[in-house]
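# Survey of secondary and tertiary structure
Residues per chain, in single letters:
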Amino acid sequence: MQVSSVAAPARSAVPLWTVEAVLALYELPLMDLIWRAQEVHRQNFDPNAIQRSSLLSVKTGGCSEDCGYCSQSAKHKQAGLERERLMPVEEVVAAAQVAKDKGASRFCMGAAWRSPKDGDLDRVLEMVREVKALGMQTCVTLGMLKEGQAEKLKEAGLDYYNHNLDTDAEFYGQVIKSHTQADRLDTIDQVRQAGLNVCSGGIIGMGESRKNRAAMIVQLANLETVPESVPINNLVAVPGTPMADQPPLDPFEFVRTIAAARITMPKSWVRLSAGRAEMSDELQALCFLAGANSIFYGEKLLTTGNSDLEKDDVLFQRLGLKAV
Ligand code: SAM
Ligand code: DTB
Ligand code: SF4
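Here we summarise the structure given alongside this text. (Residues numbered from 1 in each chain as written. Chains lettered and ligands numbered in written order. Predicted model: local features only at pLDDT ≥ 70, side-chain atom pairs only at ≥ 80, totals over all residues. Heavy atoms only, no water.)

### Looking at the overall build of the protein chain
Looking only at helices and strands, the protein chain features eleven helices and ten strands. Scaling as 2.2 N^0.38, a compact globule of 324 residues should have a C-alpha radius of gyration of about 20 Å, and the protein chain matches this with 19 Å. Expressed as a percentage of its 324 residues, the buried residues of the protein chain come to 56%. Looking at the protein chain alone, contacts between residues at least 24 apart form 75% of all its contacts between residues at least 6 apart. When the accessible area of the protein chain is evaluated, it comes to approximately 14,000 Å², of which 53% is carbon and sulfur surface. Computed over 35 positive and 41 negative side-chain charges, the inter-centroid distance for the protein chain is 1 Å. (Helix = DSSP H or I, 4+ residues; strand = E, 2+ residues; numbered from the N terminus. Rg over C-alpha atoms; globule rule 2.2 N^0.38 Å. Buried < 20%, exposed > 50% of the residue type's maximum accessible area, 1.4 Å probe, protein only. Contact = heavy atoms within 4.5 Å. Areas by Shrake-Rupley, 256 points an atom, 1.4 Å probe, with all protein chains shown as cover. Lys, Arg positive; Asp, Glu negative; His and termini not counted. Charge placed at Lys NZ, Arg CZ, Asp CG, Glu CD.)

Have a look at this one:
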């Protein structure tokens, strides 16, 4: 695959990944792949330290977009979600304080918007300022940004903006028709230009091929600046969405995807994100071994359930993991 024409000057010394090279990683025997991922992981991180992030949906449902996996699209009425308004700042800060008291160091606020209106953004800026003042790392995910909005978030003290590629350029149009993957890349670029850390990853298990998965990893790893944070979500097949009946992915394919992300993006936080509630303890341990070093911690993701807090604490103890 010819990719050299997209090499930016800042990256010229860093060889770009090709889909073939990442597919070759996927095709390694699992033990060899995990060994390579663990080597890379140990060169860059404490292998026994896992960051705990809590999530809060600050504006739920009624989204204009048609993302096939999402319970929050206005088109997926069968998902039966109550549409809610943007939460008051005090309630968000109170939830962040609870998350901090329970041991989360990072707080991620999500809104079901195609893009934020300026008035709504002002309230989110206040949330960011106040959550940051609690001493937590902050992340928001608000959809596509218009010019100037990323800068305002940066000024408010935001650490990370989450905007997932979700899937590769080829498969994207089969899952989402209301915006393009190029729109996503444009927002990621604005976030980067504003000096924010980029959090961008994707969802697997949506019926994409292994090649699509590898191509998504390549797109992320070859961004002009590698995203500092890469969430890997396993599809939560929500009843009432077009993906409700999607057969579950082979769990080892999930582990392989974590390993591919770790090897191609050695210094990034690789986040074992949605789908953890359905995973066994042993599978989660394999994900950590493959280089995942962050989880969502708390009873809820945005609209769906997450692993039990107490169960996570026991798992950390059993595996000798420390929370950071
Ligand atoms: N509306 C904004 C956006 O799409 O960027 C922010 C909120 S959206 C819910 C954030 C991310 O949640 C999506 O990019 C997707 O990766 C993830 N997500 C949503 N529904 C999911 C599901 N059913 N399973 C796994 N991940 C999901
Ligand atoms: C990300 O990559 N995963 C999180 C966070 N970023 C915002 C969201 C997962 C949502 C799972 C489905 C739900 O709870 O609605
Ligand atoms: Fe809206 Fe985001 Fe859900 Fe897409 S993923 S429908 S943009 S909330």
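Once the structure has been displayed, the description carries forward.
### Observations concerning empty space enclosed by the protein
A full pass over the atoms with the stated rule returns one cavity of 30 Å³ or more. Computed from the structure, the largest cavity encloses a volume of approximately 890 Å³. In this structure, the largest cavity is lined by 44 residues; those nearest its centre are Tyr69, Cys70, Gln72, Asn164 and Leu302. Only strand S2 (106-111), strand S3 (137-141) and strand S7 (229-234) provide two or more residues apiece to the lining of the largest cavity. (1 Å grid on protein atoms, 1.4 Å probe; cavity = no way out; pocket = protein on both sides within 12 Å on 5 of 7 lines; lining within 4 Å. Points joined across faces, edges and corners; volume = space filled by probe spheres on them.)

### Considering the pairing of S3
Judged by how many residues are buried, S3 sits mostly within the fold: four of five residues are covered. Read as a crossover between parallel neighbours, the route from S2 over helix H4 (residues 118-133) to S3 is right-handed. Pairing of S3 with strand S4 (residues 160-162) involves two bridges; the strand directions are parallel. Bridge pairing links Cys139 to Tyr160 in S4. Taking the sense of rotation as the criterion, the β-α-β connection linking S3, helix H5 (residues 149-155) and S4 turns out right-handed. (Right-handed = clockwise from strand over helix to strand, strands pointing away. Pairing = 2+ DSSP bridges.)

### A look at the nonpolar core
The biggest cluster of nonpolar side chains holds 80 residues, and the ones touching the most others in it are Phe107, Val140, Leu142, Leu153, Tyr161 and Phe254. For Leu142, the residues in contact, after removing those within four places along its chain, are Ala111, Trp113, Arg114, Ser115, Pro116, Leu121, Val124, Leu153 and Tyr161. In terms of nonpolar packing, the next biggest core, distinct from the first, is built from ten residues, Tyr69, Val175, Ile176 and Met206 among them. (Core = buried A, V, L, I, M, F, W, Y, C linked by side-chain atoms within 4.5 Å.)

### Some remarks on the layout of surface pockets
Here the largest pocket is characterised by a volume of approximately 400 Å³. Taken together, 25 residues make up the lining of the largest pocket; nearest its centre are Leu55, Leu56, Glu299, Lys300 and Leu301. At the level of secondary structure, the elements contributing two or more residues to the lining of the largest pocket comprise strand S1 (49-59) and helix H3 (89-102). With five residues, the single largest contributor to the lining of the largest pocket is S1. Classifying every residue of the lining of the largest pocket by side-chain character gives 13 nonpolar, seven polar and five charged. Roughly 320 Å³ of volume is contained in the second largest pocket. Along the wall of the second largest pocket there are 14 residues; nearest its centre are Lys59, Arg83, Trp113, Lys117 and Asp120. When grouped by side-chain class, the residues that make up the lining of the second largest pocket number four nonpolar, three polar and seven charged. (Nonpolar A, V, L, I, M, F, W, Y, C, P; charged D, E, K, R; others polar.)

### Regarding H3
The end-to-end C-alpha distance of H3, which contains 14 residues, comes to 20 Å, matching closely the 20 Å that a straight helix rising 1.5 Å per residue would cover. Where H3 is concerned, the buried positions are Val89, Val92, Val93, Ala96 and Ala99. Taken end-on, H3 shows its buried residues confined to a sector of 115°, consistent with a single buried face. The exposed set on the far side of H3, more than 90 degrees from its buried face, consists of Glu90 and Asp101. (Expected span 1.5 Å × (residues − 1). Arc of directions from axis to C-beta.)

### Looking at the packing of aromatic side chains
The final tally for this structure, using the stated rule, is one aromatic pair. We note Arg52 situated over the ring of Tyr297; from NZ or CZ to the ring centre the distance is 4.1 Å. (Phe/Tyr/Trp six-rings, centres within 6.5 Å; stacked < 30°, edge-to-face > 60°. Lys NZ or Arg CZ within 6 Å of the ring centre and 35° of its normal.)

### Comments concerning the site of ligand 3
Around ligand 3, the neighbouring residues are Cys63, Glu65, Cys67, Tyr69, Cys70, Ser73 and Ala112. Spatially, ligand 3 is embedded in the largest cavity. (Near = heavy atom within 4 Å. Sits in = over half its atoms within 2 Å of the grid points.)

### Quick look at the environment of Cys139
Tracing the backbone through its elements, the reader meets Cys139 in strand S3. A sequence separation of 63 residues divides Cys139 from His76, and the C-alpha atoms of the two residues are 26 Å apart. In contact with Cys139, not counting residues within four places along its chain, are Arg106, Phe107, Cys108, Met109, Leu158, Tyr160 and Asn162.

These values are about where atoms sit, not about what they do.
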